[in-house]
Amino acid sequence: MNNKKRLIITIDGPAGVGKSTVSKTIAKRLQLKHIDSGAIYRAITYKVLTLGTVQGAIKGNGNNGNTLSEDDIVTIAREVKIECKTSGRIVLDEDEVTKQIRSQEVTRCVSTVAAYKGVRDVVVNILRELAANGGVVMEGRDIGSVVLPDADFKFYLDAALQERAMRRYKELKRKNKDIELYKIQLDIKHRDKQDSSREIAPLIMDPGATYIDTSVLTLKEVISLIIRKIDSILRMDSMVFFDTSNLFYYIVCFILRLGYTKYFGFNIHGLENIPATGGVLLVCNHLSHLDPPAVAVSLPRQASFIARNSLFTTNSLFGWLLKRLNVYPINRDGVDRDVFKRVTTLLDDGKICLAFPEGTRSKTGQLQPAKPGIGMMISMAKNDGVRFSVIPCRISGSDKAFPPEAKWVKKYPVNLYYGKPIDVSELLVKQDRSYQAIADRLMEHIGRL
Ligand code: DC
């Protein structure tokens with residue numbers, strides 16, 4: 001299997017099955033690029049329709065009387081310049097056409113245009129180039145079977161025609177479109193037939209794909225099914241082929257985990273909220289020296305930590321140990337830009353970083369106000385264009401197991417709760433983007449766990 005950052009996931013299936021919502025959400029959750037291959041066929045079709053009509057397509061296509069042949073259309077496909085922006089916008093010959101390619105006219109003609117071999121050759125090349133460095137979720141009809149046959153995970157979504165038509169109908173109705181259900185059903189049926197019966201790269205399920213019948217599932221259930229499938233395999237993968245670059249880390253974690261489970265009693269909740277891949281900033285309340293190791297041993301992936309400078313200098317052996325356990329020093333009083341840069345780089349490299357927004361252990365067991373540093377860290381990483389998830393984490397019991405003034409630990413169960421990823425744009429709301437305000441919002445999320 002590829003390096004996790006280079007993961008390639010394909011999601012194929014007929015029209016109206018919910019591929020787009022599912023693929024976009026999966027890409028967001030795993031911090032991968034989302035590519036909608038149908039949008040490229042649509043962009044070419046849109047260009048074609050500005051120049052003429054498509055022979056053989058459903059009646060009513062094109063404003064221009066000039067009927068274009070297959071050769072004309074293939075020439076147009078070879079000449080147009082299509083850009084798929086990360087935001088999902090589609091740019092055709094420098095003009096944005098994101099909305100236009102969803103018009104009914106384009107929808108009616110796209111299956112005909114997409115059946116031409118010359119057009120498919122052009123699009124397949126574009127798609128393979130977009131996926132060349134991996135890190136993508138690509139949706140379409142022939143992605144797992146033809147375009148990216150070596151993908152790490154392939155899914156095929158399906159649903160009964162009536163169900164798909166109903167979903168599309170509801171979607172269009174929400175946008176206040178004047179539309180009739182039976183017409184949508186006929187259109188989808190026609191496109192199904194064209195997409196499945198064409199000679200080149202017809203819509204078929206790749207034998208290596210996981211089949212999901214979405215007829216009786218909600219989109220949320222489909223997404224969770226896919227994530228769980230990917231997650232469980234990646235976890236198995238990382239257990240067998242874990243990152244041997246820091247074997248020491250794993251050995252220490254293994255021993256510590258035994259200690260936490262057997263001695264204190266260790267309960268971990270919400271581990272499914274930790275993305276299997278990509279940068280993750282874990283923000284946790286702080287009660288005890290037991291907290292960072294508790295987080296480290298609970299995670300299926302290696303984590304990096306930041307700790308105050310003095311921990312590294314008071315005892316050089318301890319400092320040496322911390323460095324080998326991915327701990328980076330931070331100057332707690334000032335604003336340590338170097339550490340922020342380091343965290344940004346770690347997140348950009350797809351690592352998990354643990355941060356304690358409160359900066360210091362709570363003496364009362366209650367949550368304390370956050371320091372502004374964490375707000376600055378998130379702003380900087382965002383400004384640098386780094387894609388990462390922010391996951392809130394709440395620990396309890398560790399203050400009883402190792403109280404601040406105590407010399408040694410005692411038996412007391414430690415609980416860890418991981419929350420759902422926090423929407424970073426919600427943290428950076430326009431009204432107040434001060435570092436302190438961002439940090440305070442984070443604490444509210446932790447407080448809710
Ligand atoms: O998913 P969509 O409805 O946006 O796709 C538009 C058309 O493009 C669809 O009718 C078939 C075609 N298509 C294809 O032939 N191969 C793909 N990989 C993706 C789409």
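Refer to the structure printed above.
Just so it is clear, the structure is predicted and the values come from calculations on it, not from any experiment.

1. Considering the site of the ligand
Residues in close proximity to the ligand total 16 residues, the closest being Arg 42, Arg 120, Asp 142, Arg 191 and Arg 198. Arg 191 places a polar side-chain atom, nitrogen or oxygen, 2.3 Å from an oxygen atom of the ligand. Take Asp 195: an N or O atom from its side chain is 3.2 Å from an oxygen atom of the ligand. For the ligand, the accessible surface in isolation is 450 Å², of which the surrounding protein chains cover 96%. Those elements that place two or more of their residues in the shell around the ligand are α2 (37–51), α4 (104–114) and α8 (181–197). Per element, the largest residue contribution to the shell around the ligand is four residues, and it comes from α2. Classifying every residue of the shell around the ligand gives four nonpolar, four polar and eight charged.

2. Here we look at the sheet that holds strand β2 (residues 33–36)
Across the sheet, which stays open at both edges, the five strands sit in the order β2-β8-β1-β9-β10 with parallel pairing between neighbours. With one partner strand each, in any of the chains shown, β2 and β10 (210–213) form the two edges of the open sheet. Each strand of the sheet is rotated relative to its neighbour by a mean of 20°, with strand direction disregarded. As defined by bridge partners, strand β1 (residues 8–12) adjoins strand β8 (residues 136–140) across five bridges and the pair is classed as parallel. Across the sheet, Asp 12 pairs through a bridge with Gly 140, a residue of β8.

Analysis parameters
Residues numbered from 1 in each chain as written. Predicted model: local features only at pLDDT ≥ 70, side-chain atom pairs only at ≥ 80, totals over all residues. Heavy atoms only, no water. Near = heavy atom within 4 Å. Polar contact = N/O pair within 3.5 Å; in protein donor to acceptor, adjacent residues only side chain to side chain. Areas by Shrake-Rupley, 256 points an atom, 1.4 Å probe, with all protein chains shown as cover. Helix = DSSP H or I, 4+ residues; strand = E, 2+ residues; numbered from the N terminus. Nonpolar A, V, L, I, M, F, W, Y, C, P; charged D, E, K, R; others polar. Pairing = 2+ DSSP bridges. Axes fitted to C-alpha atoms, helices over the stretch in contact; angles between N-to-C directions.

That's the geometry; what it means functionally is another story.
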